[in-house]
Amino acid sequence: MTVAEASTTAVSPKGRIPDTVWGAGSLSQLGETCAQAGASRVMAVAGRSVEVAAGRLPELLGRRYLGRWSDVPAHVPAHAANLAVGSAQETHADAIVAIGGGSAIGLAKVVALALRLPLIAVPTTYSGAEMTSRYLRSEERRVGKECRSR
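Rules behind the numbers
Residues numbered from 1 in each chain as written. Predicted model: local features only at pLDDT ≥ 70, side-chain atom pairs only at ≥ 80, totals over all residues. Heavy atoms only, no water. Helix = DSSP H or I, 4+ residues; strand = E, 2+ residues; numbered from the N terminus. Buried < 20%, exposed > 50% of the residue type's maximum accessible area, 1.4 Å probe, protein only. Salt bridge = Lys/Arg side-chain N within 4 Å of Asp/Glu carboxyl O. Core = buried A, V, L, I, M, F, W, Y, C linked by side-chain atoms within 4.5 Å. Axes fitted to C-alpha atoms, helices over the stretch in contact; angles between N-to-C directions. Parallel < 35°, antiparallel > 145°, perpendicular 65-115°, else oblique. Left-handed = near helix turned anticlockwise from the far one by under 90°. Contact = heavy atoms within 4.5 Å. Nonpolar A, V, L, I, M, F, W, Y, C, P; charged D, E, K, R; others polar. Pairing = 2+ DSSP bridges.

Draft legend 1. Molecular detail of the environment of G38. By the element assignment, G38 lies in the loop between α2 (30–36) and β3 (42–46). Residue G38 is classed as exposed on the basis of its relative accessible area, which comes to 54%. For the pair G38 and D94, spaced 56 residues apart in the sequence, the C-alpha separation amounts to 8.2 Å.

Below, the structure is given as C-alpha cells:
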C-alpha cells in the first residue's frame, strides 16, 4: 500500500477546517469524497512521482475525471501556476484533486483558490501542505546556474 492509498484529505476553499478521510483503503473513497464536495468535473494535479495512484483516477472518478496536470515543478513557479489555472478554466473544472507532496498540493491550492474551487488533497508526503490555507508562488530569476525566488 502506498501513502496515497492510506489518506485522502478534502479542503474547503472557504477556509473552514478541512474534512479528513484517512486509513487503509481511503483512496477508494475518492469518488464519494468528490461527490460530497459537489464535484462533477474534476481536474487532477499530480506529478510523475505518483504515477500509480494517479493512474487510478479514471477508475476512481469515472465521468467526473477531466484529466491530469502533471507538470508539477518545485516551489510553484508563477508561470506553471498560471498555465494550470488556465487549463482548469478551459476544461470548466469544478474541483481540483491533488495527489503528491508539497509541490503538487501547493500548485493545486493556487488553482483552487484562483478559481474558488474545492480542493481535495491526497498527500503522499509529510509536508502538511494539505492542512494549511497558505501557499507559495515563486518568481524565478536566473543568475548563472543559480535560481533564486523572490
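Draft legend 2. Fine view of the pattern of salt bridges. As enumerated under the stated definition, the model contains 2 salt bridges in all. With a closest N to O distance of 3.1 Å, R68 and E51 form a salt bridge. With R68 in strand β4 (residues 65–69) and E51 in helix α3 (residues 51–55), this pair connects stretches of sequence that are 17 residues apart. R68 sits in the partly exposed class, given a relative accessible area of 25%. Since its relative accessible area comes to 43%, E51 is described here as partly exposed. Of the charged contacts in the structure, one is a salt bridge between E59 and R56, with a shortest N-O distance of 3.9 Å. A residue is classified by how much of its surface remains accessible, and R56, at 22% relative accessible area, is partly exposed.

Draft legend 3. Highlighting the nonpolar core. In this structure, M43, V45, I96 and L107 are the most contacted members of the largest nonpolar core, which totals 21 residues. When contributions to this core are tallied by element, the ones reaching two or more residues are β3, α5 (78–90), β5 (95–100), α6 (102–115) and β6 (119–123). At 7 residues, the largest contribution of residues to this core is made by α6. Judged by nonpolar contacts, the second largest core, of 18 residues, contains L27, L30, A95 and I99.

Draft legend 4. Up close: the packing of α5 against α6. Interhelical geometry of α5 versus α6 gives an angle of 55° and a closest axis separation of 9 Å. Taken together, the axes of α5 and α6 lie oblique to each other. As for how α5 packs across α6, the hand of that crossing is right-handed. Between α5, through A80, A81, A84, V85, A88 and Q89, and α6, the contact on the second element is made entirely by L107, V110, V111, A114 and L115. Residues belonging to the contact of α5 with α6 are distributed by class as follows: 10 nonpolar, 1 polar and no charged.

Draft legend 5. How the structure looks around the pairing of β3. In terms of burial, β3 is largely enclosed, as 5 of its 5 residues are buried. On β3, burial covers both faces: V42, A44 and A46 on one face and M43 and V45 on the other are all buried. Pairing of β3 with β4, which is carried by 4 bridges, proceeds in the parallel orientation. Across the sheet, A44 pairs through a bridge with R68, a residue of β4.

Interpretation in functional terms is not warranted from these geometric data alone.
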